[in-house]
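# Structure assessment
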Number of protein chains: 2
Amino acid sequence: MPELTSQTYTRADEAFDCLQTAIVKGELAPGDKIGELDLCSRFELTRGPLREALGRLESRGLLVRRPHAGVKVVSLSASELVELYRIREVMEGLAARQAAERMTDQEIADLRATLDAHEAMIEEARGQAYYQAEGDYDFHHRIATGSRNTKLAQMLLGDLYYMVRMYRYRLSTSAGRPHRALGEHRRIVEAIAHRDGELAEFLMKRHINAARRNIEKKIQQGDLTI
Amino acid sequence: MPELTSQTYTRADEAFDCLQTAIVKGELAPGDKIGELDLCSRFELTRGPLREALGRLESRGLLVRRPHAGVKVVSLSASELVELYRIREVMEGLAARQAAERMTDQEIADLRATLDAHEAMIEEARGQAYYQAEGDYDFHHRIATGSRNTKLAQMLLGDLYYMVRMYRYRLSTSAGRPHRALGEHRRIVEAIAHRDGELAEFLMKRHINAARRNIEKKIQQGDLTI
DNA sequence: AAACTGGATATTGTCAACAATCTGCAACGT
DNA sequence: ACGTTGCAGATTGTTGACAATATCCAGTTT
């Protein structure tokens, strides 16, 4: 048998993961110029695999390269961040509709459990924006996967979410927003449980629309330094 | 001055473009297992840049790699191809709406000219499916760009279109479809010219929906070997 | 004094050799 | 006869050295 547990992690995969998480967590901030050998010593690898990983990251839009000049972490303008949410709106709307049609009952039960845990976190850790953000991410992650649309999930999980998370830790959530967001999540799940794809799509689009308007408001208030 | 015309094409860029077009044109068919040194001799380059390009292609989902086992061109199942059109429907709907809000008058005029040229091609080269396909691609390309949504255009032009074009040359167009599609294109452009984003989105979604149903019909008839 | 030009330095792009791993075939045992 | 096991070959992953290019600083010029 050709070793089915072929979880062979290559150095390039390792480099890719390390860099991606470093960027998302903010250890490498947007706009930072980073040298290849700096990264090599930092992550204990050589330039070959690193460059391969850089190619992947560039292709995903997390960093930009100029030949012979160097690599820098991509820096989104305020308007580009807003545009990102417009894309999320239509794509996650589709994901919600397809999830309503295709998720198993078990997955829906798990989704409900996720929201319960999320609610408990909001009650307990009042103001803990980090957990709120992670809980939100988990919710959207499950729906993207539940859509059974391979490419859609790939684009959401592999592209958009990483870019959104890059900036999420800067977006201080408004006072009542987490609680309101939870309510919106619950209604989406109920629509999915009723297998009402059309409603699920509508509610998801409205949900992300609200998040976008929230960000736009902050930008106008100057609360956001991008 | 630091050479503003810094169109420095690296070997990796070259490799990336060559491979991408080779895949899209069908010279490398879906499912083909391809060796690195084969590609090296084929495109006159060494393995370093090639591997970087392979990383990018993999990240874009055009090919899949198994460590130590090799690279093969991705092969979409029939259902995955259909799912691709569902994604196009919502994303290009958004693109059309934003294009209606943001395209310049000049761009709209160019778009009309494109359709005129397209119409002439349909009349002249009756049955020339290739030109039909390229004309269709050009139309959608212009609208994606006209949306002024950087990330949206990047995802459409850099991801989805390449995958669609990969399979388009196999999809023999139905008898009256090109002419009907042209009519749909014209109505979309008129909506954009009237700056009616909502209508443009609706018409674009319906347009791609029709294309999807066309493909589904062919699949059911068994005209499509995927 | 400000702007430009030139070269030194450091960084990136590229290459070719080495090591690790998978695939396919053949021999063996059951 | 069939399945398993071990080996040989080929292919991929990795490494370190070499070449090409952009950046930075100093000297010069206007």
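All chains use their own residue numbering, which begins from 1 and follows the written sequence. Here chains are named by letter from A upward and ligands by number from 1 upward, in the order in which they appear as written. Local features are withheld for residues below a pLDDT of 70 in this predicted model, meaning they are given only at 70 or higher, and side-chain atom pairs are given and counted only at 80 or more; totals for whole chains, interfaces and linings count all residues. With hydrogens and water excluded, all non-hydrogen atoms of the structure serve as input to the side-chain values.

### Topic: the overall build of chain A
Each helix is a run of DSSP H or I of at least 4 residues and each strand a run of E of at least 2, with the numbering of both proceeding from the N terminus. Scanning chain A from N- to C-terminus turns up nine helices and three strands. Ordered by position in the sequence, the α and β elements of chain A form the string α-β-α-α-β-β-α-α-α-α-α-α. When accessible area is computed with a 1.4 Å probe and restricted to protein chains, residues below 20% of their type maximum are described as buried, those above 50% as exposed, and intermediate ones as partly exposed. Per-residue burial over chain A gives 51% buried out of 226 residues. Element-wise, carbon and sulfur atoms account for 50% of the exposed surface of chain A, whose accessible area totals about 11,100 Å². Per-residue and other accessible areas follow the Shrake-Rupley method at a 1.4 Å probe size, with only the shown protein chains counted as cover for residues.

### Observations regarding the protein's contact with DNA strand C
In the region of DNA strand C, 20 residues are neighbours, and Arg47(A), Arg51(A), Arg11(B), Thr46(B) and Arg66(B) sit closest. Definition of nearness: a residue and a molecule or strand are near each other if at least one heavy atom of the residue lies within 4 Å of the molecule or strand. Among the atoms of DNA strand C close to the protein, meaning within 4 Å, 80% are from sugar or phosphate groups. Within the side chain of Thr46(B), an N or O atom sits 2.5 Å from a phosphate oxygen of DNA strand C. Pairs of N or O atoms are called polar contacts if they sit within 3.5 Å, as long as, within protein, a hydrogen donor faces a hydrogen acceptor (for residues adjacent in sequence, only side-chain-to-side-chain pairs). A distance of 2.6 Å is found between a phosphate oxygen of DNA strand C and a side-chain nitrogen or oxygen belonging to Arg66(B). When residues of the surface near DNA strand C are traced back to their parent elements, those giving at least two are α3 (47–59) of chain A together with α1 (11–25) of chain B. Amino acid classes used here: Ala, Val, Leu, Ile, Met, Phe, Trp, Tyr, Cys and Pro are nonpolar; Asp, Glu, Lys and Arg are charged; the rest, including Gly, are polar. Among the residues making up the surface near DNA strand C, the classes are represented as six nonpolar, seven polar and seven charged.

### Thoughts on the relation of the copies chain A and chain B
Take chain A, turn it by 180°, move it 0.1 Å along the axis, and it overlays chain B with an RMSD of 0.1 Å. Both copies are brought into coincidence by an operation consistent with a two-fold rotation axis. The contact definition used throughout considers only heavy atoms, calling two residues in contact when any of these lie within 4.5 Å. Take the interface residues of chain A: 100% of them recur as interface residues in chain B, which is what a same-surface contact looks like. To superpose the copies, least squares is applied to the C-alpha atoms of every residue with a pLDDT of at least 70 in both.

### Comments concerning the sheet that holds strand β1 (residues 33–34) of chain A
Residues and elements named next belong to chain A. Strands pair, by our definition, only if DSSP identifies at least two bridges between them. What the three strands build is an open sheet, ordered β1-β3-β2; its pairing is antiparallel. The sheet terminates laterally at β1 and β2 (63–66), the two strands that pair on one side only. Pairing between β1 and strand β3 (residues 70–73): two bridges, direction antiparallel. If you follow Lys-33 over to β3, its bridge partner there is Lys-72.

### Let's talk about the pattern of salt bridges
Basic side-chain nitrogens of Lys or Arg form a salt bridge, by our definition, when they fall within 4 Å of a carboxyl oxygen of Asp or Glu. One pass over the full model with this rule turns up 32 salt bridges over all chains. Between Glu52(B) and Arg56(B) there is a salt bridge, with the nearest N and O atoms lying 3.9 Å from each other. A residue pair is termed a helical-turn pair when its members lie 3 or 4 positions apart in one helix, as Glu52(B) and Arg56(B) do in helix α3 (residues 47–59) at four residues. Across this residue pair, the class does not change: Glu52(B) and Arg56(B) are buried. Of the charged contacts, one joins Asp116(B) and Arg186(B) as a salt bridge, the two residues approaching to 2.9 Å between their closest N and O atoms. Pair noted here: Asp116(B) is in helix α5 (residues 105–124) and Arg186(B) is in helix α8 (residues 177–193), with a separation of 70 residues, a long-range link. Taking relative accessible area as the criterion, Arg186(B) reaches 27% and is therefore assigned partly exposed. Put simply, Asp13(A), Glu52(A), Arg56(A), Glu36(B), Arg47(B), Arg51(B) and Arg65(B) are held in one network by salt bridges that share partners.

### With respect to the packing of aromatic side chains
What counts as a ring pair is set by centres within 6.5 Å for rings of Phe, Tyr and Trp (its six-membered ring), and what kind of pair is set by the plane angle: stacked under 30 degrees, edge-to-face over 60, tilted for all other angles. Under the definition given, this model contains two aromatic pairs over all chains. On the numbers, 5.7 Å between centres and 75° between planes, the contact of Tyr137(A) with Tyr161(A) is edge-to-face. Linking Tyr137(A) in helix α6 (residues 129–146) with Tyr161(A) in helix α7 (residues 150–168), this pair joins segments that are 24 residues apart in sequence. Since its relative accessible area comes to 15%, Tyr137(A) is described here as buried. Residue classification places Tyr161(A) among the buried residues on the basis of a relative accessible area of 4%. One residue, Arg88(A), lies across the ring of Tyr85(A), its end atom 5.2 Å from the ring centre. The lysine or arginine in question, Arg165(B), covers the ring of Tyr137(B), its NZ or CZ lying 4.1 Å from the ring centre. Only when the NZ of Lys or the CZ of Arg is both within 6 Å of the ring centre and within 35 degrees of the ring normal is a charge said to sit over the ring.

### Let's talk about the protein's contact with DNA strand D
Near DNA strand D, the surroundings consist of 22 residues, among which Arg11(A), Thr46(A), Arg66(A), Arg47(B) and Arg51(B) are the closest. Of all DNA strand D atoms lying within 4 Å of any protein atom, the proportion belonging to sugar or phosphate reaches 76%. Taking Arg47(B), its side chain carries an N or O atom lying 2.7 Å from a base nitrogen of DNA strand D. Broken down by secondary-structure element, the contributors of at least two residues to the surface near DNA strand D are α1 (11–25) and α3 of chain A together with α3 of chain B.

### Regarding the interface of chain A and chain B
In many analyses, interface size is given as the accessible surface area lost on bringing the parts together. On the chain B side, the residues contacting the 33 residues of chain A number 33 residues. Once two parts are joined, some of their accessible surface, as seen by a 1.4 Å probe, is lost; buried area is that loss totalled over both. On the chain A side of the contact with chain B, Glu52(A), Ser59(A) and Lys151(A) bury the most area, a combined 19% of that side's loss. The interface formed by chain A and chain B holds six salt bridges in total. In this structure, Arg51(A) and Glu52(B) form a salt bridge, with 3.1 Å as the shortest nitrogen-oxygen distance. The interface formed by chain A and chain B includes 14 residue pairs in polar contact (both at pLDDT 80 or more). Element by element, the count of residues in the side of chain A that touches chain B is highest for helix α4 (residues 78–102) of chain A, at eleven residues. Along the lines of polarity and charge, the residues of the side of chain A that touches chain B split into ten nonpolar, ten polar and 13 charged.

Spatial relationships are all this shows, so hold off on functional conclusions.
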